[in-house]
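Observations on the model geometry
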Amino acid sequence: MQAQIDSFLAYLNTEKQLSIHTISAYQRDLQRLSQFLVDKDIQQWSQVNQQHIRLFSNSLRLKQLASKSIQRMLSSCRSFFNFLLKEQEIKTNPADAIS
């Protein structure tokens, strides 16, 4: 799972030319998602569904993260899954309908 995150971060750097601070925020958000999924025995991005993203979002709320922080993390997830779609790693974006 880490290989796809690394590819996405490289894409943000080279193709999108985002700032190091923005890329760092994406990295933190995606590492947090990845750890959450591993704890749920999810080993591949293709196994992730909307329910997993909802559970992730709820776990952030339970940790009393600010609403803006949660929305940023969900936005990071949507962007990452769109990248995986483009790379044909997944068939649908499980974060699309989650807000």
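Residues numbered from 1 in each chain as written. Predicted model: local features only at pLDDT ≥ 70, side-chain atom pairs only at ≥ 80, totals over all residues. Heavy atoms only, no water.

A short note on helix H3 (residues 50-62)
With 13 residues, H3 extends 18 Å between its outermost C-alpha atoms, agreeing within 8% with the 18 Å of an ideal straight helix rising 1.5 Å per residue. Those residues of H3 that are buried are in contact with helix H2 (20-39) and helix H4 (67-86). Capping of H3 at its N-terminal end is provided by Asn-49; its side-chain oxygen lies 2.9 Å from the backbone amide nitrogen of Gln-51. Among the residues trailing H3, Gln-64 stands out with phi positive, at a value near 60°. (Helix = DSSP H or I, 4+ residues; strand = E, 2+ residues; numbered from the N terminus. Expected span 1.5 Å × (residues − 1). Contact = heavy atoms within 4.5 Å. Polar contact = N/O pair within 3.5 Å; in protein donor to acceptor, adjacent residues only side chain to side chain.)

Some points on H4
Here H4 is 20 residues long and its end C-alpha atoms lie 29 Å apart, about the 28 Å a rise of 1.5 Å per residue gives. Turning to H4, its buried residues number three or more, namely Ile-70, Met-73, Leu-74, Ser-76, Cys-77, Phe-80, Phe-81, Phe-83 and Leu-84. Gln-88 occupies a position one or two residues after H4 and carries a positive phi of about 60°. (Buried < 20%, exposed > 50% of the residue type's maximum accessible area, 1.4 Å probe, protein only.)

Details of the environment of Gln-71
Relative to the elements of secondary structure, Gln-71 occurs in helix H4. Along the primary structure Gln-71 and Ile-23 are separated by 48 residues, whereas in three dimensions their C-alpha atoms are 16 Å apart. Look past the residues within four positions of Gln-71 in its chain and what remains in contact with it is Arg-61, Arg-78 and Ser-99.

Things to note about the environment of Arg-54
Its location among the elements puts Arg-54 in helix H3. Looking at Arg-54, the relative accessible area reads 37%, which means it is partly exposed. Spatially, the C-alpha atoms of Arg-54 and Ala-97 are 9.7 Å apart, while their sequence positions differ by 43 residues.

Quick notes on the nonpolar core
Within the largest apolar cluster, 28 residues are counted, with the highest numbers of intra-cluster contacts made by Phe-8, Leu-33, Trp-45, Ile-53 and Phe-81. Of all the secondary-structure elements, those providing two or more residues to this core are helix H1 (2-14), H2, H3 and H4. The contact partners of Phe-81, leaving out residues within four places of it in the chain, are Leu-33, Trp-45, Val-48, Ile-53, Ile-90, Asn-93, Pro-94 and Ala-95. (Core = buried A, V, L, I, M, F, W, Y, C linked by side-chain atoms within 4.5 Å.)

Concerning the packing of H1 against H2
Running from N to C, H1 and H2 point in directions that differ by 165°, and their axes come no closer than 10 Å. Taken together, the axes of H1 and H2 lie roughly antiparallel to each other. The hand of the H1/H2 crossing is right-handed. Of the residues in H2, those touching H1 at Gln-2, Ile-5, Phe-8, Leu-9, Leu-12 and Asn-13 are Ile-23, Tyr-26, Gln-27, Leu-30, Gln-31 and Ser-34. Split into classes, the residues belonging to the contact of H1 with H2 amount to seven nonpolar, five polar and no charged. (Axes fitted to C-alpha atoms, helices over the stretch in contact; angles between N-to-C directions. Parallel < 35°, antiparallel > 145°, perpendicular 65-115°, else oblique. Left-handed = near helix turned anticlockwise from the far one by under 90°. Nonpolar A, V, L, I, M, F, W, Y, C, P; charged D, E, K, R; others polar.)

Brief notes about the pattern of salt bridges
Any two side chains of opposite charge can pair if their charged atoms end up close together. Here the structure, examined in full by the defined rule, presents one salt bridge. Close ionic contact of Arg-72 with Asp-29 constitutes a salt bridge, the shortest N to O distance being 2.6 Å. Pair noted here: Arg-72 is in helix H4 and Asp-29 is in helix H2, with a separation of 43 residues, a long-range link. (Salt bridge = Lys/Arg side-chain N within 4 Å of Asp/Glu carboxyl O.)

Note that every value here comes from positions in space, so none of it alone points to a role or purpose.
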